[in-house]
Amino acid sequence: ASKSDHHIRLAEGDDLISMLVLEEGKKVFTVTENGYGKRSDISEYRVTNRGGKGIRNIRISDKTGLAVNVSAVAESSHLIVTTKNGTIIRTPVEDVSTYGRDSQGVRVIRLRKGDAVMDVALLREEHFVDSDDEIVETSDEGITSLDAEGQSSSSVEMTGEGSPDESSEIED
């Protein structure tokens, strides 16, 4: 039989959204639902005991919205931020300023009314696209494969069910 143990005591209305193993040379990167984000030095975070209340990581307000993602990042990493309405941006980690852990940060992505940040993916340097790699674009019309110069090399239209229509593939 397993036993339940309280490792952190959350206040009413608080949620745990992430746990990190902090490594030397990395920073804590936080993004909020309204597009604000920041990097913080790991030295800003103290070690807490089991059953503690945790540590405030970002100052939230109506302007920033709630935190949606916390990641441990290296300076050479890039972030891919996705929104509820389908906007996706890629930004180098080093372009976002470093602030204290209890600050609100800066705008990482400008959002349209009614949109919100849904998630953030970390893209490490070894996953960057080389100029010889194929780039794939998607849209409501289908999937387009682009070569390194951005020229269309093939296209697949989507049928009513959202699956590719194999007969619509176009070759150069």
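For clarity, every value in this text was computed on a predicted model and none was experimentally measured. (Residues numbered from 1 in each chain as written. Predicted model: local features only at pLDDT ≥ 70, side-chain atom pairs only at ≥ 80, totals over all residues. Heavy atoms only, no water.)

1. A few points about the nonpolar core
Among the nonpolar cores identified, the biggest contains 11 residues, and these are Phe29, Val31, Val73, Leu79, Val81, Val93, Val96, Val108, Ile109, Val117 and Val120. Of all the secondary-structure elements, those providing two or more residues to this core are β1 (27–32), β4 (78–83) and β7 (117–123). (Core = buried A, V, L, I, M, F, W, Y, C linked by side-chain atoms within 4.5 Å. Buried < 20%, exposed > 50% of the residue type's maximum accessible area, 1.4 Å probe, protein only. Helix = DSSP H or I, 4+ residues; strand = E, 2+ residues; numbered from the N terminus.)

2. Digging into the sheet that holds β7
The three strands lie next to each other as β5-β4-β7, forming an open sheet whose pairing is antiparallel. In the strand order of this sheet, the two ends are held by β5 (88–92) and β7, each with one partner. When strand polarity is set aside, the average angle formed by the axes of neighbouring strands in this sheet is 20°. The pairing of β4 with β7 spans six bridges and is antiparallel. Its bridge partner lying in β7, leucine 79 is registered against leucine 122. (Pairing = 2+ DSSP bridges. Axes fitted to C-alpha atoms, helices over the stretch in contact; angles between N-to-C directions.)

3. Concerning the side chain of threonine 64
Relative to the elements of secondary structure, threonine 64 occurs in the loop between β2 (36–41) and β3 (67–73). A residue is classified by how much of its surface remains accessible, and threonine 64, at 0% relative accessible area, is buried. Residues contacting threonine 64, with those up to four places away along its chain left out, are Thr32, Glu33, Asn34, Tyr36, Arg59 and Gln104. (Contact = heavy atoms within 4.5 Å.)

4. As for the sheet that holds β2
Here we have four strands laid out as an open sheet, ordered β3-β1-β2-β6, and antiparallel in their pairing. Each edge of the open sheet carries a strand with a single partner, namely β3 and β6 (106–107). Here five bridges tie β1 to β2, and the two strands are oriented antiparallel to one another. When the bridges of β2 are listed, phenylalanine 29 appears paired with arginine 39.

5. Describing the confidence of the model for the chain
The pLDDT averaged across the chain works out to 75; a share of 67% of its residues lies at or above 70. Averaged pLDDT values over the elements of the chain bottom out at 39 in strand β11 (residues 170–171) and peak at 93 in β1. Every residue in residues 135–139 scores below 50 in pLDDT, and together they form 11 contacts with partners more than four places removed in sequence or on other chains. Per-residue pLDDT stays below 50 along residues 152–172; that stretch engages in 40 contacts with residues further than four places along the chain or on separate chains. (pLDDT = per-residue confidence, 0-100.)

6. Thoughts on the pattern of salt bridges
By the definition in use, this model includes three salt bridges. For lysine 27, the salt bridge is made with aspartate 41, and the minimal N-O distance between the two is 3.0 Å. A residue pair is termed long-range when its members are at least 10 positions apart, and lysine 27 in strand β1 and aspartate 41 in strand β2 qualify at 14 residues. Judged by relative accessible area, lysine 27 falls into the buried class, the value being 17%. Residue aspartate 41 is classed as partly exposed on the basis of its relative accessible area of 30%. (Salt bridge = Lys/Arg side-chain N within 4 Å of Asp/Glu carboxyl O.)

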